[in-house]
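Letter by letter, the chains look like this.
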Amino acid sequence: MTDSGITRRAALTGAAAALPLIGGTTTAQAKTASDGFTGRPVPADVARMLREISPANIRRTIEKLVSFGTRNTLSSQTDPDRGIGAARDWLFDEFKKAALPSGGRMTVELQSYVQPVASRIPVPTVITNVVATLPGTAPDSVARTYVVSGHYDSMPTDPTDFVKDAPGANDDASGVAAVLEMARVMATRQFDATVVFMAVAGEEQGTYGSNFFATQAKANGKNIAGMFTNDIIGSSTGPAGERDPFSIRVFAEGLANPASPLEADWRRFGGDETESPSRQLARYIKEVAENEATHMKVNIMYRRDRLGRGGDHIPFLQQGYSAVRFTEPKEDYRHQHQDVRVENGVQIGDLPEFVDYDYCARAARVNAAALAALARSPAEVQGALINVAGLRADTELRWTPNTEADLAGYEVVLRAPTAPQWEHTIEVGNVTNTTLKNVSKDNFWFGIRATDTQGNRSPVASPRPTTT
């Protein structure tokens, strides 16, 4: 279980031997001459799964959703051909079709509630999420859940106008199509942890559907270990015709406001928002999904979302879950939240002709590669601590042991405070503490991750400062 760069084994007292060798490339940085990607390769079976993600299927889903005319949250819920109700019913059937090859393991349900009058909701309105759940197969991991979503509602210029056409091809039929396609290819596979595939409503009115799911999950004590939302992932062309077909943005929030106890300790001891759980999740995505199997570069954006805007990951963040947003790199605002029209000879509106289906499929592969890695890996390490007492040259770390039956051990990862990705890895074995001799805690960010017997790695846990 070694990386393709500098990885060193170190017992509790043997870390010092590795330290002079720390440097160079590690898993998160390793490149091959043939691909130039920074992430590590995916396993062969995952590569096969990613190849099954079909641009043609994604196109079919997007064009079908557009055919309902409008999917405004306030539109008809009973018309069989037009409005959000028709889109809901079609998606429900499509997710059930995707679940059939799972042999009954994947279940599909409608999660509904009545949203009272609120911002952009002028009358009480039923909000319905379409939710497909693929349970994990490992008893010690099945309660750990990863959620991936897109929103199936759409809007014209006026978010409360439920009469005008609102095709919503990119915003966000693209995200829904990617999630449905992921459900289709992952339903035939088994993973240790549980994966939830979700098409939510009410996003354009104020992320109401995702907020309901997240608040219900929190109230029921659900262990959501990570959440992805895919919103506007269908175009590789910017407003000036510039193209960027092989990269995707992942928006990851820093420290929450108000801060959690862990975040408060980081601030107290001179920590930094770069170590937030959502940013560790984003680093993990880059490490496992920026590779030859996806042909995509993952650009981590150190902010919650685009300036002044938001999406369905935010309600999960507000409930204390780690969550990130996937969005194309070059948005064209002429094709978002616009009445369909021709203006000065330019076509305005969110129409299918502006969607790059191959790009959308690659974005889906990034998601699926990361979800597969997360759902197979050990859980994130809990109780990670770094001893900040006194003025010492050594760095002492400790953590709570994981409970997975196939746990192999732990790795300590390090990087310079100016480095965005982990640079160095030290294998410390199946222990719950280690001391890095003559490694100043002021010169590095530290993290701890668990590994299993198949070589899967958990996301990195940032250690909380302690003086004992």
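Predicted model, so just to flag it, every value in this text is computed and none were measured. (Residues numbered from 1 in each chain as written. Predicted model: local features only at pLDDT ≥ 70, side-chain atom pairs only at ≥ 80, totals over all residues. Heavy atoms only, no water.)

Asker: Explain the pattern of salt bridges residue by residue, including any values.
Answerer: Inspection of the entire model under this criterion finds 30 salt bridges. One salt bridge connects D332 with R334, and the closest N-O pair in it is separated by 2.7 Å. Residue classification places D332 among the buried residues on the basis of a relative accessible area of 8%. Of the charged contacts in the structure, one is a salt bridge between E411 and R457, with a shortest N-O distance of 3.2 Å. Of this pair, E411 sits in strand β14 (residues 407-415) while R457 sits in the loop between β17 (445-452) and β18 (464-466); the two residues are 46 residues apart in sequence, bridging distant segments of the chain. Across the pair, R457 and E411 agree in class, each one buried. (Salt bridge = Lys/Arg side-chain N within 4 Å of Asp/Glu carboxyl O. Buried < 20%, exposed > 50% of the residue type's maximum accessible area, 1.4 Å probe, protein only. Helix = DSSP H or I, 4+ residues; strand = E, 2+ residues; numbered from the N terminus.)

Asker: Residue-level account of the confidence of the model for the protein chain, with values.
Answerer: Looking at the protein chain as a whole, its pLDDT mean stands at 91, while 89% of the residues score no less than 70. Counting contacts from residues 1-34, a segment whose pLDDT is below 50, to residues more than four positions away or on other chains yields 79 contacts. (pLDDT = per-residue confidence, 0-100. Contact = heavy atoms within 4.5 Å.)

Asker: Report on the sheet that holds strand β12 (residues 382-387), specifying residues and quantitative values.
Answerer: Spatially, 4 strands are ordered β16-β13-β12-β18 in an open sheet, and the strand pairing comes out mixed. Whereas interior strands pair on both sides, the edge strands pair on one side only; in this sheet they are β16 (433-436) and β18. Across the sheet, the mean angle from the axis of one strand to that of its neighbour is 25°, orientation sign disregarded. In this sheet, strand β13 (residues 395-400) lies alongside β12 in antiparallel orientation, the contact comprising 3 bridges. Looking at β13, one finds that L385 is bridged to R398. (Pairing = 2+ DSSP bridges. Axes fitted to C-alpha atoms, helices over the stretch in contact; angles between N-to-C directions.)

Asker: Residues and numbers for the pairing of strand β9 (residues 323-327), please.
Answerer: Looking along a regular strand, one sees side chains alternate from face to face of the sheet. Across the 5 residues that make up β9, a large majority, 5, are buried. One ladder, built from 4 bridges, connects strand β6 (residues 223-230) with β9; its direction is parallel. Counted as the bridge partner of N230 is F326 from β9. Here strand β7 (residues 247-252) runs beside β9; their pairing, made up of 4 bridges, is antiparallel.

Asker: How would you explain the sheet that holds strand β8 (residues 297-301) if you had to name every residue and give the values?
Answerer: Read across the sheet, 8 strands follow the order β2-β3-β5-β4-β6-β9-β7-β8 without closing on themselves; strand pairing throughout is mixed. Of all strands in the sheet, those with a lone pairing partner are β2 (107-115) and β8, marking the two edges. Between one strand and the next, the sheet's axes are offset by a mean angle of 25°, whatever the strand orientation. Sheet topology places β2 next to strand β3 (residues 125-134); 9 bridges connect them, and they run antiparallel. Across the sheet, residue Q111 finds its bridge partner in β3, namely N129. Strands β3, β4 (144-151), β5 (194-200) and β6 of the sheet are contacted by helix α5 (residues 169-186), whose axis makes an angle of about 140° with β4. Set on the sheet, helix α11 (residues 357-376) makes contact with β4, β5, β6, β7, β8 and β9; between it and β4 the angle comes to about 165°.

Asker: How would you explain the packing of aromatic side chains if you had to name every residue and give the values?
Answerer: Counting across every chain of the model gives 6 aromatic pairs. Chaining the aromatic ring pairs together yields one cluster made of F213, F316 and Y321. If you follow K218 out to its NZ or CZ, it ends over the ring of Y321, 5.3 Å from the centre. The ring of W422 is capped by R415, whose NZ or CZ atom sits 4.5 Å from the centre of that ring. (Phe/Tyr/Trp six-rings, centres within 6.5 Å; stacked < 30°, edge-to-face > 60°. Lys NZ or Arg CZ within 6 Å of the ring centre and 35° of its normal.)

Asker: Describe in detail the packing of helix α2 (residues 44-51) against α11, supporting the description with residues and values.
Answerer: Where α2 meets α11, the axes come as close as 10 Å, and the angle between the chain directions of the two elements is 145°. Like other packed secondary-structure pairs, α2 and α11 cross with a definite hand, here right-handed. Note on element contacts: α11 touches α2 through R365, A368, A369, A372 and R376, opposite D45, V46, M49 and L50. Residue composition of the contact of α2 with α11, grouped by class: 6 nonpolar, no polar and 3 charged. (Left-handed = near helix turned anticlockwise from the far one by under 90°. Nonpolar A, V, L, I, M, F, W, Y, C, P; charged D, E, K, R; others polar.)

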